[in-house]
Amino acid sequence: MIERLLELNELQDESLFLWGARQTGKSTFLKQKYPGVRYYDLLLPSEYQRLQRNPSLLVDELSLADEGELVIIDEIQELPMLLNAVQWLMVNRGLRFVLCGSSARKLRRMGANLLGGRALRRQMFPLVSAEIPDFDLMRAVNNGMLPRHYLVENAQQRLQGYVGNYLKQEIQAEALSRNLDVFSRFLEAAALTDGEMVNYNNIATDCGISAKTVKEYFTVLQDTLLGYFIPAYARVMQRRLIKVPKFYFFDAGIVNILVGRHNMQPGSADFGHAFEHFVIQEIVAWLGYSGSDRRLSYWRTASGYEVDAVISQPNGAIVVAIEVKAVAEVQSRHLHGLKALGEEHPKADLLVVSLDARPRLFNGVKVLPALDFLKKLWAGSVM
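Calculation rules
Residues numbered from 1 in each chain as written. Predicted model: local features only at pLDDT ≥ 70, side-chain atom pairs only at ≥ 80, totals over all residues. Heavy atoms only, no water. Helix = DSSP H or I, 4+ residues; strand = E, 2+ residues; numbered from the N terminus. Rg over C-alpha atoms; globule rule 2.2 N^0.38 Å. Buried < 20%, exposed > 50% of the residue type's maximum accessible area, 1.4 Å probe, protein only. Lys, Arg positive; Asp, Glu negative; His and termini not counted. Charge placed at Lys NZ, Arg CZ, Asp CG, Glu CD. Axes fitted to C-alpha atoms, helices over the stretch in contact; angles between N-to-C directions. Parallel < 35°, antiparallel > 145°, perpendicular 65-115°, else oblique. Contact = heavy atoms within 4.5 Å. Phe/Tyr/Trp six-rings, centres within 6.5 Å; stacked < 30°, edge-to-face > 60°. Lys NZ or Arg CZ within 6 Å of the ring centre and 35° of its normal. Pairing = 2+ DSSP bridges. Polar contact = N/O pair within 3.5 Å; in protein donor to acceptor, adjacent residues only side chain to side chain.

(A) Region of interest: the overall build of the protein chain. For the protein chain, the helix and strand inventory stands at 15 helices and 13 strands. Relative to the globule expectation of 21 Å for 383 residues, the C-alpha radius of gyration of the protein chain, 22 Å, shows essentially globular dimensions. For the C-alpha atoms alone, the extent of the protein chain along its principal axes is close to 70 × 45 × 45 Å. When the 383 residues of the protein chain are sorted by exposure, 52% land in the buried category. The centroid of the 43 positive side-chain charges in the protein chain is displaced by 4 Å from the centroid of its 42 negative side-chain charges.

Structure follows, in C-alpha cells:
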C-alpha cells in the first residue's frame, strides 16, 4: 500500500475542501486515513439521487452525530446545494467536514455557498517520488504519476481513457465548451506548448478560434485542475525580464498521450521535455504539501537567458534557482542561464538537476542526479 504524504492536520479544528484532479487518489486516501467516519459518496447513484431529491436529509441524519464529529462528502461539486446544509451543521452542530472534489468550477458557476471562509483549501497531487518504494524514474517520465498509470508497465490505454473521460465528464457534461472537437484540438495544441511561454494568438490560429476563447479554455483547464500557470519572475535587477507565464499540465503522462510520445529514452528531445515537466511537477507538489510560503516562478531575460525554476521568498529574494537538463554529463554550455541569474542574485543557490552519475560542484553550480535531487527535495534540504 502506498502511503501518501498529504497531511490534513487542520482537521483537528477546521473543515476543509480537498481538491485534486480525477484519479489522483483522493477517495482512497480519505478512506484509508479516516476509516469508520460518516462518508457520503455522491458518485453512487443511490446516494446522489436521494440527496438531490431531498437535501435536508443531510441535516436530519447528521443531527444525530456527536459534536465535533468528522464527516466526508466525496465529489461535492455534484450537488452544490448541499453546501448550505453543511454550513448550518458546521455552525449549529460543530461538525467538521472534508468536502472532496475534482473541480470548484461548477460550484462557482452555480453561485454555490463556498462557506464564507469557514473551510480551508487543500489539494492532492499525483503520486510523488517519496511516496513510492523503489521509485522508477523512467516509468514516471513515460507514464506520469497518477496511481493507475504509474503502477502499470505500459499506461498508454489508461492515459487515452483518462483524456476521453475528462472530455466527456468535465467538458461535455458541464457544457464548458460548445464544441468538443474544437476543445480537443485546443488540448493537443496546449500540450505541444506545455512548459513554454503561453502565446494565445498562436494557439488560436492553430485551433481556428479566437484568442479570447483560448484564454477561456485555459481557465477551464485551471478550474478543473488539469493544469496550472507558473509566473515569470518579475523582480528586475539589471537585465530586462520577460513576464509571460508558462502553462503546465498537472501530470507529465497527460502531455505524453496528447502529443503522442511514448517509450521515451534519455537522449531524445521528447524525453528532455517530459523529464523537465516531471521535475517541475515534483517541486509544485512539495510546495503544496510542505505548506511553504516560498514562490515558484521561472526566470527569462529579454536577451534569452532562462532558468527553469526559481524558488523565492515572499519578498522576492531568490533562495534557489534550478535548471533541469536530461543529459548524462552537465557541460559549461548548460549553465549560461544559471550563471546570468547568479550575477544578479549572488545569494541564490544555483542547481542543475540532471542524469549525471554522481553529485558534483561544477563552476560554482551544484549538479545533482535526479534521484539525489528528489531525496533532498522531500527531505526539505533543497530550499
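That covers the picture; the talk isn't over yet.
(B) Region of interest: the packing of helix α13 (residues 269-290) against helix α15 (residues 370-378). Taken N-terminus to C-terminus, the directions of α13 and α15 make an angle of 10 degrees; their axes are 10 Å apart at the nearest point. Regarding the angle of α13 to α15, the classification is roughly parallel. Each of Phe-275, Phe-278, Val-279, Glu-282, Ile-283, Ala-285, Trp-286 and Tyr-289 in α13 lies in contact with α15, whose residues at this interface are Ala-370, Phe-373, Leu-374, Leu-377 and Trp-378.

(C) Geometry of the side chain of Lys-246. You can see Lys-246 is positioned in strand β7 (residues 246-249). By relative accessible area, Lys-246 is classed as buried at 3%.

(D) Structural detail: unusual backbone geometry. Phi angles above zero are rare outside glycine, and Leu-225 is one such case at about 65 degrees. Within the secondary structure layout, Leu-225 lies in the loop between α11 (211-223) and β6 (227-230). One non-glycine residue, Asn-363, adopts positive backbone phi at about 55 degrees. Of note, Asn-363 is situated in the loop between β12 (360-362) and β13 (365-369).

(E) Structural view of the packing of aromatic side chains. Per the stated rule, a full pass over the model turns up 17 aromatic pairs. Summarising the aromatic geometry, the rings of Phe-247 and Phe-249 are spaced 5.5 Å apart at their centres and angled 85 degrees between planes, so their arrangement reads as edge-to-face. Considered together, Phe-247 and Phe-249 belong to a single accessibility category, that of buried residues. For the pair Tyr-289 and Trp-378, a centre-to-centre distance of 6.4 Å together with 50 degrees between the ring planes defines the contact as tilted. Taken together, the residues span a long stretch of sequence, with Tyr-289 in helix α13 and Trp-378 in helix α15 at a distance of 89 residues. Of the two residues, Tyr-289 and Trp-378, both sit in the buried class. Cluster of aromatic residues (ring-pair linked, three or more members): Phe-183, Phe-186, Tyr-200, Tyr-217, Phe-218, Phe-229, Phe-247 and Phe-249. Across the ring face of Tyr-298, the terminal group of Lys-246 is positioned such that the distance to the ring centre comes to 4.4 Å. Above the ring of Phe-362, the side-chain terminus of Arg-360 is found at 5.0 Å from the ring centroid.

(F) Just the sheet that holds strand β1 (residues 15-19), in detail. In space, the five strands of this open sheet follow the order β2-β3-β4-β1-β5, with parallel pairing throughout. Every other strand in the sheet has two partners, leaving β2 (38-41) and β5 (119-123) as the edge strands with one partner each. Strand-to-strand twist across the sheet, computed as the mean angle between neighbouring axes with direction ignored, equals 15 degrees.

(G) Broad picture of the environment of Leu-167. Relative to the helices and strands, Leu-167 is located in helix α8 (residues 156-172). Look at Leu-167 and you get buried, because its relative accessible area is 12%.

(H) Spatial organisation of helix α12 (residues 252-259). Burial within α12 is extensive, with seven of its eight residues counted as buried. Here α12 has its buried residues at Ala-252, Gly-253, Ile-254, Val-255, Asn-256, Ile-257 and Leu-258. Tucked inside the fold, the buried residues of α12 contact α6 (137-143), α8, α9 (180-192), β7 and α13. Two or three places before Gly-253, at the opening of α12, Asp-251 has a side-chain oxygen 3.1 Å from that residue's backbone nitrogen.

Nothing here speaks to function; it is geometry throughout.
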